[in-house]
Amino acid sequence: MANDDTHQAPPEDGGQGIPAPSGAANLIDTDYVIGQDNIKSSKFGIDFDLHGKVFTFSALVILIFVVLTLALPDQMGPLFAGAKGWLTNNLSWVFLLAANIFVILTVALIFTPLGKVRLGGADAKPDFSYAGWFAMLFAAGMGIGLMFYGVSEPMTHFGTSVNGGSWAPLAGAEGDTDGAIRLSMASTIYHWGLHPWGTYAVVALALALFSYNKGLPLTMRSIFYPVLGERIWGWPGHVIDILAVFATLFGLATSLGLGATQASAGLEYLFGIPNNNVTMVLLILGITIVALGSVVAGVDKGVQRLSQLNMTLAFLLLFFVIGVGPTLAIATGFFDNLLAYFQELPALSMPFGRDDSNFVGGWTAFYWAWWISWSPFVGMFIARVSRGRSVREFLIAVLLVPMLVSVLWMTAFGSTAIDQLLAGFEGARDAANELQLFEMLGQLPLSAVTSFVGIVLVLVFFITSSDSGSLVIDSITAGGKVDAPKPQRIFWALIEGFIAIALLLGGGLEALQAAVLTTGLPFALILLVGCYSIVKGLMSEPRG
Amino acid sequence: MFQHIMVPVDLAHMDTLEPALGVVADMARHYDANITYVGITTGTPSSVARTPGEYEQKLEAFAQQRHSVHGRPVTAKVYQSPDPIANMDDLLVDAVDDTNADLVIMATHLPRSLDAIIPANGDKVAARTSSSIFLVRAPQDK
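We now turn to the structure provided with this report. (Residues numbered from 1 in each chain as written. Chains lettered and ligands numbered in written order. Predicted model: local features only at pLDDT ≥ 70, side-chain atom pairs only at ≥ 80, totals over all residues. Heavy atoms only, no water.)

### So, the side chain of Gln 420 of chain A
Note the threshold: Starting at the N terminus, helices and strands are each numbered in turn, a helix being any DSSP run of H or I of at least four residues and a strand any DSSP run of E of at least two. By definition in these notes, contact holds between two residues if any of their heavy atoms fall within 4.5 Å.
By secondary structure assignment, the location of Gln 420 of chain A is in helix α13 (residues 391-422). Residues within four places of Gln 420 of chain A in sequence aside, it is in contact with Phe 425, Met 440, Gln 443 and Leu 444 of chain A.

The following block contains the structure:
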């Protein structure tokens, strides 16, 4: 089973063998040379350097899915939707249980001596400042979702909680307004708090550890080394990487398509710009062009700067809502909601014996499948920018800080919207999902400005997802190389935009999004292996 | 005329480097110049080295091997970057400043249509430094 043939790296004195990354670390002894299965050429003046099998089969699988979804929309749509429904309803316990394990492990690691291990070796220095690093973590992780669900989710849970029933979290608090507010905020924060970030943290930590400290390539297959050993270089590894490319590309393309639909609705609401296919295609093209510029400029000058711009705008909007909204209620609500979240956490995360089955299947398991299917992309990107951080520092930044930001964000946007509803404004509650944020902002001063900032934020969050996603896919299909030729990353950014446009015009965005969700199941199992690998990998690392 | 020659080296593509290395040896001997070989690596494992430390060792060994060919004093300098492909130009410009080189000799490819979008590194370095830049074409491009 487990492969134990690691060796203590010799000191950096020119001795035999491979020197440690930066200071003491424990490299895995393998003969595999990164890129040995790659195909390299510079035909037509365009350089490329690709993993033959992973690239070819990923491209084929992607092509087949797009063609099938476009050619047989009536068959494929219900098939994917059925598979998604079956998974989230019948196997919700798998998702809940797995996500609980991710959270318990990642929180526990913060407090154990293993938290002292440094990614990249004991003397490694971080590549990015705290501000740049955190902005990138957050923008890749969930930025866009907070824009759409910050108002929508607390309002929905509040509505179901007041009425009670199996769609209400923990069967609701029928007729009890204060109880319903408390439950709605606790369950929203539950979906945006420790569990999603714990999921990302498992993938990111496993990849960072096995790449920076163990010397394996930065691709999903490396997580499996403690279990599969040298077999990860063969088909078992190829399949894991192909699955990661599939989930990342379709996750991004479908989000891009659905996001364009929502942004277009927002533009019509704000400026009266016609909400049609032309607007949506132009939006996708615009996002893709800026994302192209960003991938060419690279992680430091492209992704990092856009993420920082996004964070600045997001915090300005957040503080504006706190300032002009019910400030005192938000301030006290922050602590009340945090407390309610921790009090309800055991009940909300219980995988068995629930009497709110629709809430568990339709909300929690759906979210968990979504976070898990996104975890290869987000986790890999987080790993890429986290060299030089200690495990403890890493987990605090990837787990605890985003959780607190989510609590503040959901409290500010959700409480304000619920406050408006209780004061008699029903516009936000009755609006379509994508417009609820703008309806809520419409009740506050300077709504033309804040709504515009909201639209810009939505678009830039899409750009930062698109560019970091292209870098991730490029690296996986290049066999773990992060220094593959530039045209490859351009290729992936373009493909993402084209697939989004094809599915938008031809139909099938929702069908493919359902297909992406079904990858949540295999990845849940992959991530459980990741948990084992993390512990095993950290145990063999020098601490200090 | 020249006292310090800087030579960017891509250890993953030694074949394309060969003609430039011959020019470096000739120029260094002609001007009695010192040479700094500059390499850029990732923090993640790459095809050349599994750790930045291993990359440094390999570049140092390469520099010493070149010293045995041309006999001029050599140093090796490694820059590490999370995205070396995108940051190449900036890092090379920094390296020119850091090494105080008055001549940069680097391998390059023939002009191609893609240069309009992604200019050759030599173009960028020449545009942004005051040192002399000598670009050497790879023979297979001719």
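### A short note on the sheet that holds strand β4 (residues 103-108) of chain B
Backbone-to-backbone hydrogen bonds join strands into a sheet, with any given pair of strands oriented parallel or antiparallel. Residues and elements named next belong to chain B. Let me state the cut-off plainly: A strand pair is defined by DSSP finding two or more bridges across the two strands. To obtain each axis, a line is fitted to C-alpha atoms, and for helices this fit is confined to the stretch in contact; angles are then taken between N-to-C directions over 0 to 180 degrees.
The parallel open sheet is built from 5 strands, whose spatial order is β3-β2-β1-β4-β5. Both edges of this open sheet fall to β3 (74-80) and β5 (132-137), since each of them pairs with a single strand only. Across the sheet, the mean angle separating the axes of adjacent strands is 25° when strand polarity is ignored. Examined bridge by bridge, strand β2 (residues 34-41) and β3 share 7 bridges and lie parallel to one another.

### Here's the deal with the pattern of salt bridges
Going by this rule: Each reported salt bridge corresponds to a side-chain nitrogen of Lys or Arg within 4 Å of a carboxyl oxygen of Asp or Glu. Think of it in three bands: with a 1.4 Å probe and only protein chains considered, a residue is buried below 20% of the maximum accessible area for its type, exposed above 50%, and partly exposed in between.
Enumeration according to the criterion identifies 17 salt bridges over all chains in this entry. With its nearest N and O atoms 3.5 Å apart, the salt bridge here joins Arg 384 of chain A to Asp 83 of chain B. With Arg 384 of chain A in helix α12 (residues 357-384) and Asp 83 of chain B in the loop between β3 and α3 (84-99), the pair connects residues from two separate chains. Assigned by exposure class, Arg 384 of chain A and Asp 83 of chain B land together as buried. Asp 89 of chain B is the salt-bridge partner of Lys 124 of chain B, the closest N and O atoms lying 3.1 Å from each other. With Lys 124 of chain B in helix α4 (residues 121-128) and Asp 89 of chain B in helix α3, this pair connects stretches of sequence that are 35 residues apart. Of the residues examined, Lys 124 of chain B reaches a relative accessible area of 30% and is grouped as partly exposed.

### Remarks on the pairing of β2 of chain B
Residue and element names in this part refer to chain B. Selection criterion: Call a crossover right-handed when, viewed with both strands pointing away from you, the route from the first strand across the helix to the second goes clockwise.
Most of β2 is tucked away, with 7 of its 8 residues classed as buried. Bridge count between strand β1 (residues 4-8) and β2: 5 bridges; the pairing is parallel. When the bridges of β2 are listed, Ile 5 appears paired with Ile 35. Handedness of the crossover is the feature at issue here: the chain leaves β1, passes through helix α1 (residues 14-31), returns alongside β2, and the resulting connection is right-handed. For the crossover that starts at β2, traverses helix α2 (residues 52-70) and ends in the parallel β3, the hand is right-handed.

### Quick word on α13 of chain A
Residue and element names in this part refer to chain A. Defined as follows: Given the number of residues in a helix, its expected span is that number minus one, multiplied by 1.5 Å. Each residue is assigned a bend, namely the angle between axes fitted to the seven residues that terminate at it and the seven residues that start at it.
With 32 residues, α13 ought to run about 46 Å at 1.5 Å a step, and its terminal C-alpha atoms sit 44 Å apart, in line with that. Where α13 bends most, the angle comes to about 30°, and this point is Ala 397. Counting buried residues along α13, 24 of its 32 residues qualify, which places the element largely inside the surrounding structure. The positive-phi residue at the C-terminal boundary of α13 is Gly 424, with phi of around 110°.

### Describing the nonpolar core
Our working rule: As used in this record, nonpolar core signifies buried Ala, Val, Leu, Ile, Met, Phe, Trp, Tyr and Cys residues forming a set joined through side-chain atoms within 4.5 Å.
Residues Met 220, Ile 382, Phe 394 and Phe 413 of chain A are the most contacted members of the largest nonpolar core, which totals 186 residues. At 19 residues, helix α10 (residues 277-324) of chain A tops the list of elements feeding residues into this core. The contacts of Phe 394 of chain A, once residues within four sequence positions are left out, are Leu 119, Trp 133, Ala 201, Ala 204, Leu 205, Ile 382, Ser 386 and Arg 389 of chain A. With 25 residues, the next largest nonpolar core counts Val 7, Ile 35, Ala 49 and Leu 103 of chain B among its residues.

### Remarks on the interface of chain A and chain B
Inclusion rule: Each of two parts loses accessible area, computed with a 1.4 Å probe, when they are put together; buried area is these two losses added. In protein, a polar contact means a hydrogen-donor-capable atom and an acceptor-capable atom, both N or O and within 3.5 Å, with residues adjacent in sequence counting only if both atoms are side-chain atoms; elsewhere, any N or O pair within 3.5 Å suffices.
Facing 41 residues of chain A, the contacting portion of chain B comprises 23 residues. Across the chain A to chain B interface the summed buried area is about 2700 Å²; carbon plus sulfur atoms make up 55%. For the pair chain A and chain B, the interface holds 3 salt bridges. For the interface between chain A and chain B, the tally reads 10 residue pairs in polar contact (both at pLDDT 80 or more). Sorting the residues of the side of chain A that touches chain B by element identifies α7 (194-213), α10 and α17 (486-506) of chain A as the ones contributing at least two each. It is α10 of chain A that provides the largest number of residues to the side of chain A that touches chain B, a total of 6 residues.

### What to know about the packing of aromatic side chains
Residues and elements named next belong to chain A. Put simply, the rule reads: Pairing of aromatic side chains here covers Phe, Tyr and the six-membered ring of Trp, requires ring centres within 6.5 Å, and sorts the geometry by plane angle: under 30 degrees stacked, over 60 edge-to-face, intermediate tilted.
Applying the stated criterion across every chain yields a total of 33 aromatic pairs over all chains. Aromatic pair Phe 57 and Trp 235: ring centres 5.2 Å apart, planes at 90°, arrangement edge-to-face. With Phe 57 in helix α1 (residues 52-71) and Trp 235 in helix α9 (residues 235-271), the pair connects residues that are 178 residues apart, well separated along the chain. With a relative accessible area of 40%, Trp 235 lands in the partly exposed category. Relative to Trp 197, the ring of Phe 138 lies with its centre 5.7 Å away and its plane at 15°, an arrangement referred to as stacked.

### Comments concerning α1 of chain A
If you check α1 of chain A, its first and last C-alpha atoms are 28 Å apart, about what 20 residues at 1.5 Å a residue would give, namely 28 Å. For α1 of chain A, the set of buried residues is Gly 52, Val 54, Phe 55, Ser 58, Ile 62, Val 66 and Thr 69 of chain A.

### Notes on the environment of Trp 167 of chain A
All names here are of chain A. With respect to the helices and strands, Trp 167 occurs in the loop between α5 (143-163) and α6 (177-192). Sequence separation of Trp 167 and His 157 is 10 residues, and the distance between their C-alpha atoms is 8.4 Å. Once residues within four sequence positions are removed from consideration, Trp 167 is found in contact with Thr 160, Asn 358, Phe 359, Gly 362 and Trp 363.

Fair warning: the whole summary comes from geometry, so function is off the table for now.
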